[in-house]
Amino acid sequence: MIKVENIHKYFDQQHVLKGIDFSVNKGEVVSILGPSGSGKSTLLRCINFLEQPTSGIVEISGKRVNVETAKKADVQSLRLSTGMVFQQYNLFKNLTVLQNVMVGLTSVKKVSTIEAKKISTDILEKVGLQDRLNHYPVQLSGGQQQRVGIARALALNPEVLLFDEPTSSLDPELVSEVLTVIKDVAKEGNTMLIVTHELNFAREISDRVIFMENGIIIEEGTAEQLFNHPRVERTKQFLSKAN
Ligand code: ADP
Ligand code: MG
């Protein structure tokens, strides 16, 4: 479903992604772990062209794009096939919960207002926010705001969901309500790539886990392999420190 080949990303002289290769199969949940500054966010942002990768190939759902020769239409198509959940929620503050979820449907997908409202209401019910439809983001807890962020990504029914540390901005007592929603989304067979520091969560939810540091993939395996029998010393160290 997702395949990236030899992705490099420079910010000026800084070489942040140094040849990343991996793939995610349809319905698979893959987590990316690694210390801060290793390029995890940049990698997610390169997959949907929120950042322009310097070189390499990104393929989503059979649509293969050489990033150096990508046309506007290619970029648009990659963006449409991905939904992203951000650490900082990135909700529109001047829109209600319902409007936040509807806006992508009406403006990007050109769905009618009535249909968009129906789809959005259903999804907001699924994330437990049916009684918050007309609230504004500022009136919600962090956990509720992030559940709106997830609903907004789901509304567009993307091929792939990308999560960038979805619980890192939350007070500890709000983390579990968001992780529960993400687990439910995974159970529905969605293809998901998740950057997270929540190791227990990653272990529980992931089919495969990737450990990244300094712009390269250090180790990759099933959750069982990586957590119980890491092969690389650096992975062992990271997992033991993080616990
Ligand atoms: P992680 O998500 O693993 O913490 P990031 O992908 O955010 O790592 O960052 C990797 C490196 O790229 C860091 O050194 C960071 O400072 C740099 N970086 C990230 N985004 C930008 C940007 N927009 N401009 C310049 N440097 C950036
Ligand atoms: Mg990051």
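These remarks concern the structure in this document. (Residues numbered from 1 in each chain as written. Chains lettered and ligands numbered in written order. Predicted model: local features only at pLDDT ≥ 70, side-chain atom pairs only at ≥ 80, totals over all residues. Heavy atoms only, no water.)

Digging into the side chain of Asn190
Here is step 1: Note that Asn190 resides in the loop between α6 (172–187) and β8 (191–195).
Here is step 2: Engagement of the side chain of Asn190 in a polar contact is seen with the backbone oxygen of Val185, the distance being 2.8 Å.
Here is step 3: Ignoring sequence-local partners within four residues, the contact set of Asn190 consists of Gly27, Glu28, Val29, Leu161 and Val185. (Helix = DSSP H or I, 4+ residues; strand = E, 2+ residues; numbered from the N terminus. Polar contact = N/O pair within 3.5 Å; in protein donor to acceptor, adjacent residues only side chain to side chain. Contact = heavy atoms within 4.5 Å.)

Focus: the packing of helix α5 (residues 142–155) against α6
To describe two helices that pack against each other, one gives the angle between their axes and the distance between the axes.
Here is step 1: Axis separation between α5 and α6 bottoms out at 8 Å; the angle between their running directions is 20 degrees. Of the possible angle classes, the one that applies to α5 and α6 is roughly parallel. Remark: the crossing between α5 and α6 carries right-handed chirality. Across from Gly142, Gly143, Gln144, Gln146, Arg147, Ile150 and Leu154 in α5, the residues of α6 making contact are Leu174, Glu177, Val178, Val181, Ile182 and Val185.
Here is step 2: By residue class, the composition of the contact of α5 with α6 is 7 nonpolar, 4 polar and 2 charged. (Axes fitted to C-alpha atoms, helices over the stretch in contact; angles between N-to-C directions. Parallel < 35°, antiparallel > 145°, perpendicular 65-115°, else oblique. Left-handed = near helix turned anticlockwise from the far one by under 90°. Nonpolar A, V, L, I, M, F, W, Y, C, P; charged D, E, K, R; others polar.)

Remarks on the nonpolar core
Here is step 1: Within the largest apolar cluster, 37 residues are counted, with the highest numbers of intra-cluster contacts made by Leu124, Ile150, Phe163, Ile182, Met192 and Ile194.
Here is step 2: Counting only elements with at least two residues in this core, the list comes to α3 (97–107), α4 (113–126), α5, β7 (160–164), α6, β8 and α7 (199–205).
Here is step 3: It is α6 that contributes the most residues to this core, 8 residues altogether.
Here is step 4: Beyond its immediate chain neighbours, meaning those up to four positions away, Ile194 contacts Val29, Val30, Ser31, Ile32, Phe163, Ile182, Phe201 and Ile205.
Here is step 5: Of all hydrophobic cores here, the second largest spans 29 residues; its members include Leu17, Val30, Val67 and Phe86. (Core = buried A, V, L, I, M, F, W, Y, C linked by side-chain atoms within 4.5 Å. Buried < 20%, exposed > 50% of the residue type's maximum accessible area, 1.4 Å probe, protein only.)

Let's talk about the site of ligand 1
Here is step 1: In the vicinity of ligand 1, the contacting residues are Phe11, Gln14, Val16, Pro35, Ser36, Gly37, Ser38, Gly39, Lys40, Ser41, Thr42 and Glu51.
Here is step 2: Interatomic distance of 3.2 Å between a backbone N/O atom of Ser38 and an oxygen atom of ligand 1.
Here is step 3: Here an oxygen atom of ligand 1 and a side-chain polar atom of Thr42 are 2.5 Å apart.
Here is step 4: In isolation ligand 1 exposes 560 Å². Once the protein is present, 60% of that is buried.
Here is step 5: The element contributing the most residues to the shell around ligand 1 is helix α1 (residues 40–47), with 3 residues.
Here is step 6: In terms of residue class, the shell around ligand 1 is made up of 3 nonpolar, 7 polar and 2 charged. (Near = heavy atom within 4 Å. Areas by Shrake-Rupley, 256 points an atom, 1.4 Å probe, with all protein chains shown as cover.)

Looking at the packing of aromatic side chains
Here is step 1: If you walk through the whole model with that rule in mind, you get 1 aromatic pair.
Here is step 2: Look at Phe211 and Phe238: their rings are 4.9 Å apart centre to centre, the planes differ by 40 degrees, and that puts the pair in the tilted class. One end of the pair, Phe211, is in strand β9 (residues 208–213); the other, Phe238, is in helix α9 (residues 233–242), with 27 residues separating them in the sequence. For the pair Phe211 and Phe238, one class covers both residues: buried. (Phe/Tyr/Trp six-rings, centres within 6.5 Å; stacked < 30°, edge-to-face > 60°.)

These figures capture arrangement, not role.
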